[in-house]
Amino acid sequence: MTDRNGAGAPAGLSEQERNVEVVRRYLRTFVTKDLAELAEVVAEDVEIYGSGTAVRGRHYPEAAVSSPGLTVVDQEILELFAAEDRVVVSLAQTYRRDATGATTVQSACKMYRLAGGRIVQFWGEQDTYGLLRGLGLLPDEPIAF
């Protein structure tokens, strides 16, 4: 396990093992809200794809990590797979809506591409509809089409 600055990593880690540690550090920032650590592991011009959009810039994940009124109180990495410069993760995060104390779990699947010890691209989807319903921000009834 490395510390925040990457020191203390066991000698001889493969590139895949280093990439896994970078992704774990990034995901941990959703719990710690540590934007300095996020800056250490995510490239400034990171490319982000998902939910029908494509954007560029570290300020997007920074905004997600520091969402006011919404706190990640638990995170569980369900599966993690690394191959070459890619790491794929499925996870579940428990969110709390600070105004009401309501909590719910959001599932997500993400794929990261790394270069030079930083995340340079990621793709993914998360259950935003389920998150909003679970926090009482959308009605808990089926949508009529």
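What counts and what doesn't
- Residues numbered from 1 in each chain as written.
- Predicted model: local features only at pLDDT ≥ 70, side-chain atom pairs only at ≥ 80, totals over all residues.
- Heavy atoms only, no water.
- Helix = DSSP H or I, 4+ residues; strand = E, 2+ residues; numbered from the N terminus.
- Buried < 20%, exposed > 50% of the residue type's maximum accessible area, 1.4 Å probe, protein only.
- Pairing = 2+ DSSP bridges.
- Axes fitted to C-alpha atoms, helices over the stretch in contact; angles between N-to-C directions.
- Contact = heavy atoms within 4.5 Å.
- Core = buried A, V, L, I, M, F, W, Y, C linked by side-chain atoms within 4.5 Å.
- Salt bridge = Lys/Arg side-chain N within 4 Å of Asp/Glu carboxyl O.
- 1 Å grid on protein atoms, 1.4 Å probe; cavity = no way out; pocket = protein on both sides within 12 Å on 5 of 7 lines; lining within 4 Å.
- Points joined across faces, edges and corners; volume = space filled by probe spheres on them.
- Nonpolar A, V, L, I, M, F, W, Y, C, P; charged D, E, K, R; others polar.

Among all residues save glycine, negative phi is the norm, and among peptide bonds the norm is trans. Even without glycine at this site, Lys-33 takes up a positive phi of about 60°. Relative to the helices and strands, Lys-33 resides in the loop between α1 (15-32) and α2 (35-41). Look at Ser-51: it is not a glycine, yet its phi comes out positive at around 55°. The residue Ser-51 is located in the loop between β1 (42-50) and β2 (53-56) in this model. The class of Ser-51 is partly exposed, set by a relative accessible area of 48%.

Read from one edge of the open sheet, six strands run β2-β1-β6-β5-β4-β3, paired in mixed fashion. On the outer flanks of this sheet lie β2 and β3 (70-83), each paired with one strand and no other. Neighbour to neighbour, the strand axes of the sheet diverge by 20° on average, direction disregarded. With twelve bridges joining them, β3 and strand β4 (residues 86-97) adopt antiparallel strand pairing. Its bridge partner being in β4, Asp-74 is matched across the sheet by Thr-94. Here α1 sits on the sheet in contact with β1, β3, β4, β5 (103-115) and β6 (118-126), set at roughly 165° to β3.

Ranked by internal contacts, the top residues of the largest apolar core, which has 25 residues, are Val-23, Tyr-26, Tyr-112 and Ile-119. Contributing elements (two or more residues each) for this core: α1, α2, β1, β3, β4, β5 and β6. Ranked by residue count, the leading element in this core is α1, at six residues. Each residue touching Ile-119, except ones within four places of it in the same chain, is listed here: Val-22, Val-23, Tyr-26, Val-41, Val-42, Ala-43, Val-46, Tyr-112, Arg-113 and Leu-114.

A separate point is the pattern of salt bridges. Scanning all chains against the criterion turns up nine salt bridges. The salt bridge partner of Asp-85 is Arg-86, with a shortest N-O separation of 3.3 Å.

This part is about empty space enclosed by the protein. If you walk through the whole model with that rule in mind, you get one cavity of 30 Å³ or more. In this structure, the largest cavity encloses a volume near 40 Å³. Where the lining of the largest cavity is concerned, the elements lending two or more residues are α3 (59-65) and β3. For the lining of the largest cavity, the class distribution of residues is six nonpolar, one polar and one charged.

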